[in-house]
Every structure is written in C-alpha cells, then in structure tokens.
Amino acid sequence: MRKKLVAGNWKMHGCLAENDQLLADVVDRLTGLSSDQFAVCVPYPYLFSVQNTLKDTNIAWGAQNLSQFEKGAYTGEVSAAMLKDFGCRYVIVGHSERRTLFNESNVVVAEKYSAAQHAGIVPILCVGESLKQRDDGITETIIAEQLAEVIQRAGVESLDSAVVAYEPIWAIGTGKTATPQQAEDVHAFIRKEIAKQNSSVADNLTILYGGSVKASNALELFAMPDIDGGLIGGASLVADEFVAICRALVH
Ligand code: 13P
C-alpha cells in the first residue's frame, strides 16, 4: 500500500511563540489518529524547538530547502547533515518559489535531492507548471523535464525513498485550487512517466498535491486514485484547517 502523507510548508512564517501555539493546538488533536502520515516543514531557525516539541508525537518535521554541497565555504547555506542533526525526516526540494525567485535550475534541484538522500533524509521533490505553460499546452513536457533530471542523476529507484509533490504554480497561494480531475490527470501522468522506467517504483510512489488545499477541498482531492496526500502552505498555519486536512487523509 502506498504511503499517504500530509505535510505542512510553513514557508517564511512564524515566530517561537506562534509556532508553540500552533503545534500545541495541532498535536493533541492528531494524537492517536495515525502514525507516519503527518509532517511540518519549518524555517531553519525553528528546527531545534520544533524537534523538541514533536519528538514524541506522530508528527514528523523537516526543512524547506538545503544546500547541494556537503560542507565547506558556503556562507549562509545549510547542509543535509545539519538537517539530519536536528532530526529532519523530510526536506522540500525544488519548490516553485525556489525555482523562480532563487533561480534554482533542474540541475541544482537534482543535486539537492541527492544531497538529501545521501544524508538519509526523504526529499519532497516539487514539480509543476506555470499558468502560461499550462495555457501553452506544455504541462506534461515541463513536468517530464523536471523529473528527468532527477532520475538521470539519482536513478529511478531513488524514488523509492522520495516523495513527489505536484504543485501547479497558478494554484499556489492564489486560492485557485486545481480541480480534483485536473490534479489527478497530472498525478497519473507522473506515475505513468516513472512507470516507463520502473513500474513498481511508480506504483509505490507517494505523490502529493499542493496548491490552495484547504479543509473544504481536501477530501475530494485525496479521494482521487493517484493523489496520496497534500503539501499544504497557508492552511498549515491555521490549526483548525491543518487538523481537518490531516483528518481528511485518514478518514
Ligand atoms: P498554498 O497551500 O498556500 O497554496 O501553498 C502551497 C504550497 O506552495 C505548498 O508548498
């Protein structure tokens, strides 16, 4: 059975007091619900405190980015080993905000993916098209390219220890969610694309949908056959919303 997952992406939000309050509101309400299916990806400075808060709970934690380099003179960067030191189970790589605002290419994203895996951290590899690319009818081409670089570098079997997140850029933070069918079509394409190289890897791969997931639309999205959960931005900062989305996964 494919693993299901809801992961929050806090992005650059929060402070110690707010994070404590949010997690206090979430932890109790998810206790006993399921193990191994919930996570939050937090800003680097809060990893220490989040690790302490979550270590005996059923919520895993991770980061939102990492360096592609192992160590050295890279001022301001954070390595995979450092994330491992703080108990990170996951790290988001290739989020569209990193690709577009910080010019991360498919090559850099693939290097980061490998760096995470070498340290024993599960990369959550984000792929997705812009509105223009969708309108131009090249969604599948773009996503195939984003996947190909990673597969070429790390091998298709590496996806056994990874999660893929389909996040259409036009649906991120816009309130404009892909319809369940639109999302399903791309998820099925991703699985088919990977199955060309290894069908069992494709069958077992957890593929999340991200882009304006809310309590009100999570159930119908998660009901689609190739959608195995969600990567949640804004709604992961609101305890009631995040708890409801997690419940929708395991209902
Ligand atoms: P929103 O849920 O705020 O649209 O963000 C999605 C996202 O980018 C998660 O990584």
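Everything in this summary refers to the structure shown in the same document.

We now examine the pattern of salt bridges. Counted under the stated rule, the structure contains 12 salt bridges. Between lysine 3 and aspartate 36 there is a salt bridge, with the nearest N and O atoms lying 3.4 Å from each other. Residue lysine 3 is found in the segment before β1 (5–9), and its partner aspartate 36 is found in the loop between α1 (16–30) and β2 (38–41); the two are separated by 33 residues along the sequence. Judged by its relative accessible area of 26%, lysine 3 is partly exposed. The residue glutamate 97 makes a salt bridge to lysine 11 at a minimum N-O spacing of 2.8 Å. Of this pair, glutamate 97 sits in helix α4 (residues 96–101) while lysine 11 sits in the loop between β1 and α1; the two residues are 86 residues apart in sequence, bridging distant segments of the chain. Using a relative accessible area of 27% as the deciding quantity, one classes glutamate 97 as partly exposed.

Another aspect to go through is the site of the ligand. Near the ligand the following residues occur: Asn9, Lys11, His95, Glu167, Ala171, Ile172, Gly173, Gly211, Ser212, Leu231, Gly233 and Gly234. Glycine 173 is positioned such that a nitrogen or oxygen atom in its backbone is 2.6 Å from an oxygen atom of the ligand. Backbone polar atom of serine 212 to an oxygen atom of the ligand: 2.8 Å apart, as the coordinates give it. Notes on the ligand: free accessible area 310 Å², of which the protein chains cover 94%.

Parameters and conventions
Residues numbered from 1 in each chain as written. Predicted model: local features only at pLDDT ≥ 70, side-chain atom pairs only at ≥ 80, totals over all residues. Heavy atoms only, no water. Salt bridge = Lys/Arg side-chain N within 4 Å of Asp/Glu carboxyl O. Helix = DSSP H or I, 4+ residues; strand = E, 2+ residues; numbered from the N terminus. Buried < 20%, exposed > 50% of the residue type's maximum accessible area, 1.4 Å probe, protein only. Near = heavy atom within 4 Å. Polar contact = N/O pair within 3.5 Å; in protein donor to acceptor, adjacent residues only side chain to side chain. Areas by Shrake-Rupley, 256 points an atom, 1.4 Å probe, with all protein chains shown as cover.

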